[in-house]
Amino acid sequence: MSGMDLLNVYHLQIITFMAVNSILALSFYLPLSAGQLSLGCAGFMSIGAYTAAILSLHYGLPVFTTIPAGAAAAALAGVLLGFPALRLTGVYLAIATLGFGEVVRVLFLNLKITNGALGMPEIPNLNDYFSALYRSWGLQGDLAGLDLPRLAALTTVVFCYFVLAACVAFVLRQENSRTGRAMAAVKADEVASGVMGIGATYIKMLAFVQGAFLAGLAGAISAHVTNFIAPGDFNYHRAVNILLFVVLGGSELVWGGLLGAAVLSVLPEFLRFMQDFRWIIFGALLAAMMVFRPQGLLDRQLLCRFSLRKKRAMDGMDARASSGEVD
Amino acid sequence: MFWQQVINGLTAGATYALVAAGYTLVFGVLEIINMAHAEIFMIGAFIGLLLVTGTGCPVWAAVAGAMAGAGLLGWALERLALRPLRKQGVSHLAPLISTIGVSIFLMSLAMKIFGPQSVRFPASVEPRFFNLFGTVNISLLQIVILGISLALVVALKVLLARTRLGKALRAVAENPEAAGLMGVNVNSVMAAAVVMASALGGAAGVLVGLQFNAVSPTMGIAYGLKGLAIIIVGGMGSVAGAVAGGLLLGAAEVLAIAYIGSSYRDAVAFIILIAVLLIKPSGIFGKLEGRKG
C-alpha cells in the first residue's frame, strides 16, 4: 500500500470521525468533571445535527454559520433541561437525561421539518464546501500530488482537528482556573463546596450547558460530514457509545476520554472481520473494565509515570488527593 | 370507548408495573440501577417463546420457566458484575456502567442467536372476549395478563411483608452494615433481590410477548427506559410506587394514542417523568428527603 492510498477518502473519514467522537467524549467529560453523569449527549448531538441540517437545507445558510448555530441550539436546550434535571444527582440525573434523549428522538421522528423516520438526505458536505472553495480560488487539477476531492477531504480533517484542538485547549485551560477548581470541589462534595462559598447550582449548570454545547457542535459537524442524518443515529446506543469513550479511556482525565474516543473509533474498523461479535465483545469489555480497572485505561498515576515533569505532576496529584477528590 | 381504552391501558400498565417492580427491588436493596434488567426481560420472553414453541406447554408453565431462567441469569449477573464492585473505593457509578455492559452483551448475543427481526409468539391463549357493562370488551388474554401480574405483585408484597427473607431484604435496604451486624448474610440477601427482580422481569417478558404476539432482541430497550421512568415517577425503592406508576403510564399511553396519535407513545413516559420532577422531585410515593444517587 503506497502512502497515497492511506490518504483515501474512506480513511480520512474515519480520522474525521475520530475528531467528532473526541468532541463528544469532551461533552460527556465536562458535566462529569462537576459530578454530573449526563447521558443526554446523544439528544444534544441530535439537536445540533438537525439544527445545522435544517438551516443549511431549508434556509440555505453556509456551513460556517450552521455549525455554531447547531451548537448554540443544543446549549439552549441544555439550559432548558438543566433547570429541572440538575435538581437530581447520580443515577437519577442519568435516567432523566437518557429520557430527554428519547423525547428528542421521538420528536424528530414525528416532525415534518425533520422528515420523520426517513431522515434528512443531501445535507451540504464539508468536502464539497472546501472543493468549491478551492475551485473558486482557481485550483483545478492536482496540488502536491493530491487531487481535488482528496485535498478537500484533507481540509475537512484539518478543520475538524482544529475545532477539537480549540475545545481541548478550552477544557484544559478551564480545569486550571477558578471555575475548574470549583467544578472539582462540587464533584468531591457539593455541600462542602457550598460552605466554601461556591454556587454549586451555577457551577453544575455551567458544566452541563458546556457539555450540551460541545455535543451540539459535534452533531452539527457530523451532519456536514455524513450528508445524511436520521433519528435512529441518535438513539440509546449512541448515548451508551459516548459513555464508553470516557469510561474506557479514563474518566478522571481529559486525555482519557480522548484516548477512548480514538480507540473506539478505530477499533471497529480493525474488528470488521468479526463484525457480528463486535458488540458482544464491547459489552463484556465494559463489564470487565468495571471489575478490573474501574478508572479506565488512563488515570493520574499512569499519566504521572510517563510524565517528563514527574516531580511536579506527582505534587499535583498529592494536592488533589489531599483535597479529597477520590471519585 | 373511554373505558375500553382504560382496560387496554391497565393491561399494558400491568406489564410496565412488573418491569418497574424489578428495578425498584434492586434499587431498594442494592442502591444501584440495574441497566441489564431490560435485557433479562427480553431473554425471559425468548425462554417463554422456546418453551411454548418447543414443548407446547400452557402459558403458566412458560411464565414459570421464564422466571426460573431469568432468575438464574440474575444470579449470574450479581455474582459476575455486581458483587466484585462491592468494595471500598469503587465509584458509585461503576455498577451502573457494568450493568450497561452486561445489557449490551446480552442484547447482541440474542441478536446473534435469534436474528435482529422480531419472532412471532404463537397465540397460546384462546381469542375469546367477555362483555362488561354492555360496551366494554375484555379478552381472555387481557385477563390472563392482568391476573398473572396481579398475582406476582401480591406475592412479592406478601414475601416482603411476611417472610423471614422479606424481613432480611427490608433490613438490608434500610442499612446493609447494621443488617450484617444483626446476623443477616448481606451478600446472599442482595443476590436474592437480584434473582427475584430478574424473575419478575422474565415473567413480564413472556406476558409482553403474548400481548403483542412478537418477541425481538431489541424489545427490552423501550420497556427498560419506561421502567426507569416509572420508578422515578413512583418513587425509588417503593413497590407500591412502581405498580401505581406502571398503571398510570399504561393508561396515559393508551389515552395518548387514542387522542393525540400513536407516534408519540414512546415519549409519554418521559414527559410525565419531567413533569413529576418539576412538581415533586421525590416521586409520587417517594420520601421527602434529598435524593442522593
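Rules used in this analysis
Residues numbered from 1 in each chain as written. Chains lettered and ligands numbered in written order. Predicted model: local features only at pLDDT ≥ 70, side-chain atom pairs only at ≥ 80, totals over all residues. Heavy atoms only, no water. Helix = DSSP H or I, 4+ residues; strand = E, 2+ residues; numbered from the N terminus. Buried < 20%, exposed > 50% of the residue type's maximum accessible area, 1.4 Å probe, protein only. Contact = heavy atoms within 4.5 Å. Areas by Shrake-Rupley, 256 points an atom, 1.4 Å probe, with all protein chains shown as cover. Phe/Tyr/Trp six-rings, centres within 6.5 Å; stacked < 30°, edge-to-face > 60°. Expected span 1.5 Å × (residues − 1). Core = buried A, V, L, I, M, F, W, Y, C linked by side-chain atoms within 4.5 Å. Domains from an automatic or database assignment. Buried area = accessible area lost by both parts, 1.4 Å probe. Salt bridge = Lys/Arg side-chain N within 4 Å of Asp/Glu carboxyl O. Polar contact = N/O pair within 3.5 Å; in protein donor to acceptor, adjacent residues only side chain to side chain. Patch = residues over 30% accessible without salt bridge, like charges linked within 9 Å, V, L, I, M, F, W, Y side chains within 5 Å. Nonpolar A, V, L, I, M, F, W, Y, C, P; charged D, E, K, R; others polar.

**Some points on the overall build of chain A**
Link 1 in the chain: Per the secondary structure count, chain A includes 15 helices and zero strands.
Link 2 in the chain: By residue count, 53% of the 327 residues in chain A fall in the buried class.
Link 3 in the chain: Partitioning the intrachain contacts of chain A with sequence separation of at least 6 by distance along the chain shows that 77% fall at a separation of at least 24.
Link 4 in the chain: Per element, the accessible surface of chain A, about 14,500 Å² overall, is 66% carbon and sulfur.

**Here we look at the packing of aromatic side chains**
Centre-to-centre distance and the angle between the planes together describe a pair of aromatic rings.
Link 1 in the chain: Inspection of every chain in the model, using the stated rule, returns 13 aromatic pairs over all chains.
Link 2 in the chain: A ring pair is formed by A:Phe44 and A:Phe100, whose centres lie 4.9 Å apart and whose planes are at 40°; its orientation type is tilted. Of this pair, A:Phe44 sits in helix α3 (residues 41–58) while A:Phe100 sits in helix α5 (residues 90–110), and the two are 56 residues apart along the sequence.
Link 3 in the chain: For A:Phe44, a relative accessible area of 2% corresponds to the buried category.
Link 4 in the chain: Measuring from centroid to centroid gives 3.9 Å for B:Phe46 and B:Phe114, while their planes differ by 10°, and the two rings are stacked. Note that B:Phe46 is positioned in helix α2 (residues 37–55) and B:Phe114 in helix α4 (residues 94–114), a separation of 68 residues in sequence.
Link 5 in the chain: These aromatic residues form a ring-pair network of at least three members: A:Phe64, A:Tyr129, A:Phe130 and A:Phe159.

**Things to note about α3(A)**
Link 1 in the chain: With 18 residues, α3(A) should cover 26 Å at 1.5 Å per step; its first-to-last C-alpha distance of 25 Å lies within 8% of that length.
Link 2 in the chain: The element α3(A) is extensively covered by neighbouring structure, given that 16 of its 18 residues are classed as buried.

**Topic: the nonpolar core**
Link 1 in the chain: The biggest cluster of nonpolar side chains holds 185 residues, and the ones touching the most others in it are A:Ile221 and B:Ile33.
Link 2 in the chain: Looking at this core element by element, the count peaks at 14 residues for helix α8 (residues 186–212) of chain B.
Link 3 in the chain: In this structure, A:Ile221 is in contact with A:Val20, A:Ile23, A:Ile67, A:Leu126, A:Cys160 and A:Val163, ignoring residues within four places of it in sequence.
Link 4 in the chain: Residues A:Ala182, A:Val186, A:Ala200 and A:Ile203 belong to the second largest nonpolar core, which totals seven residues.

**Examining the domain arrangement of chain A**
Residue and element names in this part refer to chain A.
Link 1 in the chain: Assigned domains of chain A: these are domain 1 (3–296) and domain 2 (297–327).
Link 2 in the chain: At the junction of the two partners, domain 1 supplies 16 residues and domain 2 supplies 10 residues.
Link 3 in the chain: Taken together, both faces of the contact between domain 1 and domain 2 bury some 1,100 Å²; the carbon and sulfur share is 57%.
Link 4 in the chain: Of all residues in domain 1, Glu252, Leu253 and Arg293 give up the largest surface area on contact with domain 2, accounting jointly for 41% of the area buried on that side.
Link 5 in the chain: Here domain 1 is connected to domain 2 by zero salt bridges.
Link 6 in the chain: Here domain 1 and domain 2 share three residue pairs in polar contact (both at pLDDT 80 or more) between them.
Link 7 in the chain: Broken down by secondary-structure element, the contributors of at least two residues to the side of domain 1 that touches domain 2 are α8 (178–188), α11 (236–249) and α12 (254–270).

**Some points on unusual backbone geometry**
Link 1 in the chain: We note that A:Asn227 has phi near 75°; this positive angle belongs to a residue other than glycine.
Link 2 in the chain: In this structure, A:Asn227 sits in the loop between α10 (200–226) and α11.
Link 3 in the chain: The phi torsion at B:Glu31 lies on the positive side, around 55°, for a residue other than glycine.
Link 4 in the chain: Considering the arrangement of structural elements, one finds B:Glu31 in the loop between α1 (2–30) and α2.

**Quick look at a nonpolar patch on the surface**
Residue and element names in this part refer to chain A.
Link 1 in the chain: Where nonpolar side chains cluster on the molecular surface, the patch consists of Tyr59, Leu61, Leu107, Leu111 and Ile113 and spans about 440 Å² of accessible area.
Link 2 in the chain: Here Leu111 is to be found in the loop between α5 and α6 (126–136).
Link 3 in the chain: The exposure class of Leu111 is partly exposed, given its relative accessible area of 31%.

**So, the interface of chain B and chain A**
One frequently used descriptor of interface size is the decrease in accessible area upon assembly of the parts.
Link 1 in the chain: Listed by partner, the interface residues are 42 residues for chain B and 35 residues for chain A.
Link 2 in the chain: For the chain B face of the interface with chain A, the top three residues by lost area are B:Ile97, B:Ile104 and B:Lys112, together amounting to 14%.
Link 3 in the chain: At the surface where chain B touches chain A, the tally comes to zero salt bridges.
Link 4 in the chain: Across the chain B-chain A interface, the total number found is one residue pair in polar contact (both at pLDDT 80 or more).
Link 5 in the chain: For the side of chain B that touches chain A, the secondary structure elements donating two or more residues are α4, α9 (219–234) and α11 (265–279) of chain B.
Link 6 in the chain: Looking at the side of chain B that touches chain A element by element, the count peaks at 14 residues for α4(B).
Link 7 in the chain: Looking at side-chain class alone, the side of chain B that touches chain A contains 30 nonpolar, seven polar and five charged residues.

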